[in-house]
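# Overview (structure and organization)
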Amino acid sequence: MIDKQTAERFVQARFGGRARSLAPLASGDWSSAYALVLDGRDTVIRFGAYRADFEKDRVMGAYATAELPIPRVLELGETESGYYAVSERVRGTKHLDELDGPELARALPPLLDGLFELQRADLAGTRAAGLWRPEGEGPSWGEELLAVTGPRERLPGWRGKLDASPEEAAVFDAGAAKLRELAPRLPECRGLVHNDLLHRNVLVDGGRVTGVFDWGNAFWGDPLYDQALFLYWQPWFPHWRGLDLPALLDRHREKHGGPPPRTEERLLACLLHIGLDHIAYCAFRGRAEDMRRNAEQVSGYL
């Protein structure tokens, strides 16, 4: 992460008098974000260690629609310790995470519609952006999901840290066994998955989605994965507990031709993968309580 003083030095050296009003925005585990007025225009500058994350944002800007407003990346380059990207700034009154049940029931259907239409676009341009393999290249979808049990470039040593918590490690292994059982039966349904629609990555204003950003975790996989993410995280958001999310998702599928083949089995595989991924991530980060809670959730799928 880059602190404000370091960011100010970089901005002054790179942009000089063209830039002003640098101010911190919410940052995640992989990047730091700052509001910036550049050439009189409101922008966002982010700093991170992985160029591929910003390349995905750059490529995805070409696929923006009214229902899926994706800010364009205006500039991408290197810093002394990593990379930076300057993007258009989009505004909203709340993040998707902050909506209550009725507000989410209003904002989520258009977002799901936008993601559905994204799958119908010519997505050939995304293949050069470091996204997970599209259909027909590399391992099967089931094998891709099972990669969650192996070494991870961004989570070095995660398994050893998980083994220090035997109860959570046992749940992880049981979940992996269940996923291994499901994997050979999963159809090859490949589409573009955002994979991070929460965590302050979607802005909303008056029930209308105004920005969908941070595509760094995006990959080619089963489009149901993004729906599974909402199902997985709903228990973590007390203000969503009154929302009948499964019914909302059912209505979305009916609107677009009915439930896809083997919906429940595919969703279960996605839910297991999400849980296993976050157990590993929390072990790596040393977040014991979150690791325990994810393990409890995975246990409910077994």
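Look up a bit, the structure's there.
Here is what the cut-offs are and how they apply
Residues take numbers from 1 onward in each chain, read along the sequence in its written order. Note on the predicted model: pLDDT of at least 70 is required for a residue's local features to be given, and 80 or more for side-chain atom pairs to be given and counted; whole-chain, interface and lining totals, by contrast, use all residues. Excluded from the side-chain calculations are hydrogens and water; all other atoms, namely the structure's heavy atoms, are used. Every case where a carboxyl oxygen of Asp or Glu lies within 4 Å of a side-chain nitrogen of Lys or Arg is listed as a salt bridge. Note on conventions: DSSP H or I runs of at least 4 residues are helices, E runs of at least 2 residues are strands, and numbering of each starts at the N terminus. Note on pairing: DSSP must find at least two bridges between two strands before they are called paired. The buried label applies to any residue whose accessible area, calculated with a 1.4 Å probe on protein chains only, is under 20% of its type's maximum; exposed applies above 50%, and partly exposed to all values in between.

The next point concerns the pattern of salt bridges. Per the counting criterion, the structure on display carries 25 salt bridges. Between Arg-72 and Glu-88 there is a salt bridge, with the nearest N and O atoms lying 3.1 Å from each other. Here the residue Arg-72 occupies a position in the loop between α2 (51–60) and β4 (73–78), and Glu-88 occupies one in strand β5 (residues 83–88), the gap between them amounting to 16 residues. Notably, a salt bridge pairs Asp-250 with Arg-253, separated by 2.9 Å at the nearest N-O pair. With a gap of 3 residues between them, Asp-250 and Arg-253 both fall in helix α8 (residues 245–255), about one helical turn apart.

Sheet topology places strand β3 (residues 41–48) next to β5; 6 bridges connect them, and they run antiparallel. Pairing of Phe-47 across the sheet is with Tyr-84, part of β5. Bridging between β4 and β5 involves 5 bridges; their strand directions are antiparallel. Its bridge partner being in β5, Val-73 is matched across the sheet by Ser-87. In sequence, β4 turns back onto β5 through a hairpin of 4 residues.

Let us look at unusual backbone geometry. Located in the positive-phi region is Asn-195, a residue other than glycine, with phi close to 75 degrees. Since its relative accessible area comes to 18%, Asn-195 is described here as buried. The phi torsion at Arg-200 lies on the positive side, around 65 degrees, for a residue other than glycine. Residue position: Arg-200 is located in the loop between β7 (191–193) and β8 (202–205). A relative accessible area of 38% places Arg-200 in the partly exposed class.

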